[in-house]
Amino acid sequence: MDFKISEEQTAILDMTRRFARERIRPHVRQYDRDERFPLEIYAEMGPLGLTGGVIPEAYGGAGMDFVTYALMVMELAEVCQVMACAATWASGVGGLSVLNFGTEEQKQKYLAPLARGQGPVAFALTETHTGSDVASMRTRAVRDGDHYVLNGTKTWISAVAVARWIVTFATLDASAGRKGITAFLLEPEWAGITRTPFKNKVGFRPLESGELVLDNVRVPVANRLGEEGQGFKIAMSSVESGRLTVAARCVGMMRACLALASDYAKTRETFGQPIGQRQLVQSKITDMRVAYETARLLVLQAAWKKDNGERARADMSMAKMYASDALMRTAEDAMQIHGAYGCSDEYDIGRYWRDAKFMQTIEGSNEIHRGLIAEYELGYRQ
Ligand SMILES: Cc1cc2nc3c(=O)[nH]c(=O)nc-3n(C[C@H](O)[C@H](O)[C@H](O)COP(=O)(O)OP(=O)(O)OC[C@H]3O[C@@H](n4cnc5c(N)ncnc54)[C@H](O)[C@@H]3O)c2cc1C
C-alpha cells in the first residue's frame, strides 16, 4: 500500500495550508466571537479551487479524488473547521444531492455556482421534534397544479441565515413513512420563508445555524429534486459523503489540538520543569498522537474505497464515529494540559473543545453510527 503524497497533492495541500494560515487564522477568533460567517474570506476560496472538491469540472468543480479532497479538508479544519465545512458544501450533502439526483438545469443553476464558491447552501432535514428519526418528519408538501405548497419548521440548519439556496425535505404522505418524503430546492427570498440564526451557541458559532420556517411556500415543480417519494434515499445517500467530510474535519482539528497541547507543554513550567517532561502529561500526548494517526488512516481508507468504487458505508460510519469520539478525547486532554488558560478565549484550544462536542452529533449521532456498524457486521443491513 502506497502512503506517499503525490506531487500534485502536495501542491494542493501547500496552497491550502498557506491560505488557511494567512487568510483564515488571523480572523477566526473574532468571527467566532461575533458568531458571523465570514463571507469575505469564503469569497476568496472559490477562485483558488477550494470549494470545488470532488464535483466534476463540467459542474464548476475541482474534480478531485476523495483522498485528495479529505486531505485538503484536514488542512483547512486544522485552522477552522467552519471554513473547512464551507469547502465541503458542493461535495457534501447539499451539492451531492443535486449532482446525483438533480436535472441538468438544476445542476447548472444551483450546483455549478456552489462548486465555484458562490454559496453557501443549507441542507434542511432536522426538525424540532427529531433529528435521528428522519422518516417521522412533519413538514408537509401538497401538490397544487404546477407547484407544491410546503409547511413546516426545520431546525439547527447550518448556514441557514446566509444560504443562497436550500435543499429541504417534506412528506406528501405521512402514513407512507420514508416513502412519502420528497426533496425540494428552495430559494430563500421566496414568500413564506423565514430564517432565524440561533445566537450564543456553545459551538459552531460562525456557522449561523438556526431555524427555517416554511409557511405556505409555493415551490415550482421544476424545483422538486428527484422523484416524488425519493427524498429519504436522497438524504441518506448524500450523508455518506457528508460523513467523510465530518471525519476529515475531526482529523484536522485533532492535529491542531495536538500541536497546541505540545507547544504549551514544552513552555509551561511547574516545580522547575516543563510540564511536557511529566509522564502524566506525556501519556496524554501519546494518546492524542495515536488517536490522530488511527483516525487519519480510517478516513483515508474510506476515501480510498470511494475512489476505487468500493462500497464504503460501514467505513464512513466507522471513520465518522471514531474520528469524532477521538477528537473529543483529544480536545479534552489538550484542554487539561492548558490548565486555567484553557478557559480563556485568548487561547484557541477552547474553541476546538466546544466544536468537538457537536462532531459527535452531526451527520448521524455516534449512537446511530454505533448501531449501523454492528448491523453491517452482523449482516442485518447491506
Ligand atoms: C451545530 C449543529 C449543526 C447542525 N447542522 C444541521 C444541518 O445543517 N442540517 C440538518 O438537517 N441538521 C443539522 N443539525 C442537526 C443534527 O443533524 C441533529 O442534531 C442530529 O441528527 C441528531 O438529532 P437530534 O439533535 O434531534 O437528536 P435526537 O435524534 O433527538 O437524539 C437525541 C439523543 O438520543 C440518541 N438516540 C436517538 N435515537 C437513538 C437510537 N435509535 N439508539 C440510540 N440512541 C439514540 C442520539 O444519539 C442523541 O444522543 C445540526 C446540529 C448541530 C448541533
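Criteria and thresholds
- Residues numbered from 1 in each chain as written.
- Predicted model: local features only at pLDDT ≥ 70, side-chain atom pairs only at ≥ 80, totals over all residues.
- Heavy atoms only, no water.
- Buried < 20%, exposed > 50% of the residue type's maximum accessible area, 1.4 Å probe, protein only.
- Helix = DSSP H or I, 4+ residues; strand = E, 2+ residues; numbered from the N terminus.
- Pairing = 2+ DSSP bridges.
- 1 Å grid on protein atoms, 1.4 Å probe; cavity = no way out; pocket = protein on both sides within 12 Å on 5 of 7 lines; lining within 4 Å.
- Points joined across faces, edges and corners; volume = space filled by probe spheres on them.
- Domains from an automatic or database assignment.
- Near = heavy atom within 4 Å.
- Polar contact = N/O pair within 3.5 Å; in protein donor to acceptor, adjacent residues only side chain to side chain.
- Areas by Shrake-Rupley, 256 points an atom, 1.4 Å probe, with all protein chains shown as cover.
- Nonpolar A, V, L, I, M, F, W, Y, C, P; charged D, E, K, R; others polar.
- Contact = heavy atoms within 4.5 Å.
- Buried area = accessible area lost by both parts, 1.4 Å probe.
- Salt bridge = Lys/Arg side-chain N within 4 Å of Asp/Glu carboxyl O.
- Core = buried A, V, L, I, M, F, W, Y, C linked by side-chain atoms within 4.5 Å.
- Expected span 1.5 Å × (residues − 1).

(A) How the structure looks around the pairing of strand β1 (residues 121-124). What you see with β1 is no split at all: Val121 and Phe123 on one side and Ala122 and Ala124 on the other are buried throughout. Sheet topology places β1 next to strand β4 (residues 165-171); 4 bridges connect them, and they run parallel. Among the inter-strand pairings, alanine 124 is bridged to a residue of β4, identified as threonine 168.

(B) Region of the structure containing the layout of surface pockets. There is about 430 Å³ of room inside the second largest pocket. Surrounding the second largest pocket, 15 residues form its lining, Asp2, Phe3, Val67, Leu300 and Trp304 being those nearest its centre. For the lining of the second largest pocket, the secondary structure elements donating two or more residues are α3 (66-79) and α8 (279-307). Viewed by domain, the lining of the second largest pocket spans two of them, domain 1 (7-115) and domain 3 (233-378), each represented by three or more residues.

(C) Inspection of the site of the ligand at higher detail. Taken together, the neighbourhood of the ligand is formed by 15 residues, with Phe123, Thr126, Ser132, Ser365 and Glu367 sitting nearest. Side-chain polar atom of threonine 126 to a nitrogen atom of the ligand: 2.7 Å apart, as the coordinates give it. Between tryptophan 156 and the ligand, the recorded distance is 2.9 Å, taken from a backbone N or O atom to a nitrogen atom. Compared with its free state, where it exposes 970 Å², the ligand has 62% of that area covered by protein. Those elements that place two or more of their residues in the shell around the ligand are β3 (147-157) and α11 (366-378). Split by residue class, the shell around the ligand holds 7 nonpolar, 7 polar and 1 charged. Each of domain 2 (121-229) and domain 3 (233-378) contributes no fewer than three residues to the shell around the ligand.

(D) Structural view of the domain arrangement of the protein chain. With domains assigned, the protein chain is organised as domain 1 (7-115), domain 2 (121-229) and domain 3 (233-378). Taking only C-alpha atoms, the centre of domain 2 and the centre of domain 3 are 30 Å apart. Contacts between the two partners involve 12 residues from domain 2 and, on the opposite side, 11 residues from domain 3. Carbon and sulfur atoms make up 79% of the surface buried where domain 2 meets domain 3, a total of about 890 Å² over both sides. Taken together, domain 2 and domain 3 are joined by 0 salt bridges. Where domain 2 touches domain 3, the interface holds 2 residue pairs in polar contact (both at pLDDT 80 or more). Considering only residue class, the side of domain 2 that touches domain 3 consists of 8 nonpolar, 3 polar and 1 charged.

(E) Representation of the nonpolar core. Counting residues in hydrophobic clusters, the biggest one holds 104 residues, and the most contacted among them are Ile24, Met83, Trp89, Phe169 and Val299. For this core, the element with the highest residue contribution is helix α7 (residues 231-267), accounting for 18 residues. Discounting chain neighbours no more than four positions away, the residues touching valine 299 are Ala70, Met74, Leu244, Ala247, Ala248, Val251 and Ala319. With 18 residues, the next largest nonpolar core counts Ala122, Ala124, Val160 and Ala163 among its residues.

(F) How the structure looks around empty space enclosed by the protein. Summed over all chains, the structure comprises 2 cavities of 30 Å³ or more. Its volume calculated, the largest cavity comes out at about 60 Å³. Residue assignment for the lining of the largest cavity shows that the elements contributing at least two residues are α1 (7-34), α4 (81-87) and α10 (349-359). Broken down by element, the residue count for the lining of the largest cavity peaks at 3 residues, all from α10. For the lining of the largest cavity, the class distribution of residues is 7 nonpolar, 1 polar and 3 charged. Residue-level mapping places the lining of the largest cavity at the junction of two domains, with at least three residues from each of domain 1 (7-115) and domain 3 (233-378). Estimated volume of the second largest cavity: approximately 40 Å³.

(G) Expanded view of the environment of threonine 171. Within the element layout of this structure, threonine 171 appears in strand β4. A residue is classified by how much of its surface remains accessible, and threonine 171, at 2% relative accessible area, is buried. For threonine 171 and methionine 137, which are 34 residues apart along the polypeptide, the C-alpha to C-alpha distance reads 7.2 Å. If near-sequence neighbours (up to four positions away) are discounted, threonine 171 is found in contact with Met137, Thr139, Arg140, Ala141, Gly180 and Ile181.

(H) Geometry of α1. The end-to-end C-alpha distance of α1 is 39 Å, a good match for the 40 Å that 28 residues give at a rise of 1.5 Å each. Taken together, the buried positions of α1 are Gln9, Ile12, Leu13, Thr16, Phe19, Ala20, Ile24, Val28, Tyr31 and Asp32. Residues of α1 that are buried in the fold lie against α2 (39-45), α3, α4 and α10.

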